[in-house]
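Reading the structure
As a plain string of letters, each chain reads:
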Amino acid sequence: MMRVKTPPVVWRSRNHRYKLVGSKCKACGEVRFPPVHFCSCGGEVEEVELPRAGRLVSYSIVYAADEESRERSPVIMGLIDLGVTRVVAEIVDASPEEVHSGMQVEAVFRRIGEDGETGVIAYGIKFRPAVG
Ligand SMILES: [Zn+2]
């Protein structure tokens, strides 16, 4: 008899970290990112992989106020249209002068922090100007 192994939790969370996984409502079809467990219509949701490329709809340049994040300041926060849904994420690899509404962007995974005690490095999804 073959035993079917279910993927361990670690694999599942890694999967979430390196793919752009959203949720899609089976009832109304609404796609959300980050994924939600229940749709606002009450429908059941399922996981869907989202397109990695999209168009920058609008953006704002955020100047950090606190000491800790000042070295990364300013931060460009963008609203990105992926076709099936819109996401809010940081725009990297571009200066404020280079960023403009309507530009093509693609998802990248960037380090967002490190847990000093465990040494675990967290990665998050950000977007950069699309290459080519
Ligand atoms: Zn729904």
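Read on for a plain summary of the structure. (Residues numbered from 1 in each chain as written. Predicted model: local features only at pLDDT ≥ 70, side-chain atom pairs only at ≥ 80, totals over all residues.)

Some thoughts on the environment of Pro96
- With respect to the secondary-structure elements, Pro96 resides in the loop between β6 (86–91) and β7 (104–114).
- Pro96 sits 21 residues away from Val75 along the chain, and the two C-alpha atoms are 8.6 Å apart.
- Apart from the residues lying within four places of it in its own chain, the contact partners of Pro96 are Ile61, Pro74 and Ile76. (Helix = DSSP H or I, 4+ residues; strand = E, 2+ residues; numbered from the N terminus. Contact = placed C-beta atoms within 7 Å.)

Overview of the sheet that holds strand β3 (residues 45–49)
- Pairing is antiparallel across the open sheet formed by three strands, whose spatial order is β2-β1-β3. If you trace the sheet from one side to the other, it starts and ends with β2 (31–32) and β3, each paired once.
- Judged from the two bridges that link them, strand β1 (residues 21–25) and β2 form a sheet pairing that is antiparallel. From the neighbouring strand, Ser23 faces β2, where its bridge partner is Arg32. (Pairing = 2+ DSSP bridges.)

Some thoughts on the nonpolar core
- Within the largest apolar cluster, 15 residues are counted, with the highest numbers of intra-cluster contacts made by Ile80, Val87, Ala89, Ile91, Val105 and Phe127.
- Broken down by secondary-structure element, the contributors of at least two residues to this core are β4 (53–62), β5 (75–81), β6, β7 and β8 (121–129).
- The dominant element in this core, judged by the number of residues it contributes, is β6, at three residues.
- No fewer than three residues from each of domain 1 (1–50) and domain 2 (51–132) sit in this core.
- Setting aside residues no more than four positions away along its own chain, Ile91 makes contact with Tyr59, Ile76, Gly78, Val99, Val105, Phe127 and Arg128. (Core = buried A, V, L, I, M, F, W, Y, C linked by C-beta atoms within 7 Å. Buried ≥ 20, exposed ≤ 12 C-beta atoms within 10 Å, placed from the backbone. Domains from an automatic or database assignment.)

What about unusual backbone geometry?
- Residue Pro34 is bonded to the preceding Phe33 through a cis peptide linkage, with omega at -5°.
- Looking at the element boundaries, Pro34 is found in the loop between β2 and β3.
- A positive phi is found at Asp93, a non-glycine position, where the angle reads about 60°.
- Inspection of the secondary structure puts Asp93 in the loop between β6 and β7.
- Asp93 sits in the partly exposed class, given 13 other C-beta atoms within 10 Å.

Side note on the environment of Val108
- Following the sequence through the fold, Val108 ends up in strand β7.
- Separated by 17 residues in the primary sequence, Val108 and Ile125 have C-alpha atoms spaced 5.8 Å apart.
- Apart from the residues lying within four places of it in its own chain, the contact partners of Val108 are Val92, Lys126, Phe127 and Arg128.

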